[in-house]
Amino acid sequence: MKPVGPKAVELKAVDKDTTAGVLFGIGAYGLWGLLPLYFFALQPAGAVEIVANRVVWSLLFCVLLITVTRSWSALAAAFRDRSIFGTLSIAAALIAVNWLTYTYGVTTGQAVEASLGYFINPLVSVLLGVFVLKERLRPLQWAAVGIGFIAVGVLTVSYGKLPWIALTLAVSFGLYGFVKKRVGPKVDAVTSLSVETMVLAPLAAATMVFLGVSGAATLANQGPGHFWLLVASGVITAVPLLFFGASARRLPMTTIGLLQYFAPVLQFVVALVVFREAMTTGRWIGFGVVWLALLVLTVDMLLTARKNSVAKKLVRT
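Residues numbered from 1 in each chain as written. Predicted model: local features only at pLDDT ≥ 70, side-chain atom pairs only at ≥ 80, totals over all residues. Heavy atoms only, no water.

Another aspect to go through is helix α13 (residues 262–273). Every α-helix carries 3.6 residues per turn, so stepping three or four residues along brings you back to the same face. With twelve residues, α13 should cover 16 Å at 1.5 Å per step; its first-to-last C-alpha distance of 17 Å lies within 8% of that length. Inspection of α13 places A263, P264, Q267, F268, V270 and A271 among the buried residues, and these make up the whole buried set. Down the axis of α13, the buried side of the element spans an arc of 165 degrees, and every buried residue falls inside it. (Helix = DSSP H or I, 4+ residues; strand = E, 2+ residues; numbered from the N terminus. Expected span 1.5 Å × (residues − 1). Buried < 20%, exposed > 50% of the residue type's maximum accessible area, 1.4 Å probe, protein only. Arc of directions from axis to C-beta.)

Quick look at the structure:
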């Protein structure tokens, strides 16, 4: 016998919200996985110019979204609330670090290491869920985290240095996801992204002016195709961030960590197949250990999902 009344409505709401969160997450990470192809098309623009353009054109896209959705009052409320504005300002700083590091990695022939950062990222998200949000880890999740630390050691030896690009990407985006999770219930995805973009926009605009005056900008001197590709960075940047914000509001940190597999797999394939980046034996071993950690996490996820499914069936009978 299925439950009726408020309990049934609550179960349906939870299931619907979780499904939407997973779909938003897949959309975000899928688009991020293909982002290296976009940066490749933007050559000869460098990392700083690309990120500055991303911020400025994203601001225009956000203004359009706010106008269409009639959310100016919600945006004003977010700016008035010191807690929300302060938290989103931190998120803006974290995503700026992430963008600069990732774009630098891809545009300097280090897309493989950049993809490594997002392979490690799920482990960082899981750790943040434990130590900051007090989420409890299961034995297999702890095993995956331990294997991940071993992988970082192996890759450090292989690269001959600490893989700083990968670690910076993993930590910055892991913290960004944590911050977005904390503010998620208080502000919607469009408002959140708009505040972050507005915080970064003055510095980004100043950077574009400086590059233009110094003759280092490529926006206006590489033809109309290049111009419009850079302008399109607003949509290309904002859409997956909106998806991610919507996903982070609906899912626990551990689930967010598991969804992050999509982006690095696509990035890794692009780096090897399209960019033809080299992979030494040591790096293959290091990546193999990372993938083993992710496999352990996946097994744990499937077992837990099966257990939860059985529990839900028992509740509904």
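With that out of the way, let us pick up helix α5 (residues 82–107). If you check α5, its first and last C-alpha atoms are 37 Å apart, about what 26 residues at 1.5 Å a residue would give, namely 38 Å. With a side-chain oxygen positioned 3.0 Å from the backbone nitrogen of S83, the residue opening α5 is D81. Just beyond α5, the residue with positive phi is G109, at close to 75 degrees. (Polar contact = N/O pair within 3.5 Å; in protein donor to acceptor, adjacent residues only side chain to side chain.)

Before going further, it helps to examine the confidence of the model for the protein. Residues at a pLDDT of 70 or more form 92% of the protein, whose mean pLDDT is 86. Here helix α12 (residues 253–259) is the element of the protein with the lowest mean pLDDT, 68, and α5 is the one with the highest, 94. (pLDDT = per-residue confidence, 0-100.)

Moving on, we get to the pattern of salt bridges. Inspection of the entire model under this criterion finds three salt bridges. Among the ionic pairs, R138 bridges to D300, the shortest N-O distance being 2.7 Å. Linking R138 in the loop between α6 (111–131) and α7 (139–159) with D300 in helix α14 (residues 281–316), this pair joins segments that are 162 residues apart in sequence. Judged by its relative accessible area of 32%, R138 is partly exposed. Across the pair K180 and E196 runs a salt bridge whose closest N-O atoms are separated by 2.6 Å. (Salt bridge = Lys/Arg side-chain N within 4 Å of Asp/Glu carboxyl O.)

Time to look at the environment of G129. Relative to the assigned elements, G129 resides in helix α6. By relative accessible area, G129 is classed as buried at 0%. On a C-alpha basis, the gap between G129 and G212 in space is 43 Å, while along the polypeptide they are 83 residues apart.

This next bit is on the nonpolar core. Judged by nonpolar contacts, the single largest core of 84 residues is most densely connected at W32, F244 and F287. With ten residues, α6 is the single largest residue contributor to this core. Within the second largest apolar cluster, seven residues are counted, among which are L75, L88, V183 and V195. (Core = buried A, V, L, I, M, F, W, Y, C linked by side-chain atoms within 4.5 Å.)

So, about the packing of aromatic side chains. This model, assessed by the stated rule, comprises 24 aromatic pairs. Ring centres 6.3 Å apart and planes at 70 degrees place the aromatic pair F119 and F268 in the edge-to-face group. With F119 in helix α6 and F268 in helix α13, the pair connects residues that are 149 residues apart, well separated along the chain. The burial state of F119 is the same as that of F268; both residues are buried. Residues F268 and F287 carry aromatic rings whose centres are separated by 5.1 Å and whose planes lie at 35 degrees to one another, so their mutual orientation is tilted. Note that F268 is positioned in helix α13 and F287 in helix α14, a separation of 19 residues in sequence. Residue classification places F268 among the buried residues on the basis of a relative accessible area of 8%. Aromatic rings pair up to connect Y29, W32, Y38, F39, Y102, Y118, F173, Y176 and F244 into one cluster. (Phe/Tyr/Trp six-rings, centres within 6.5 Å; stacked < 30°, edge-to-face > 60°.)

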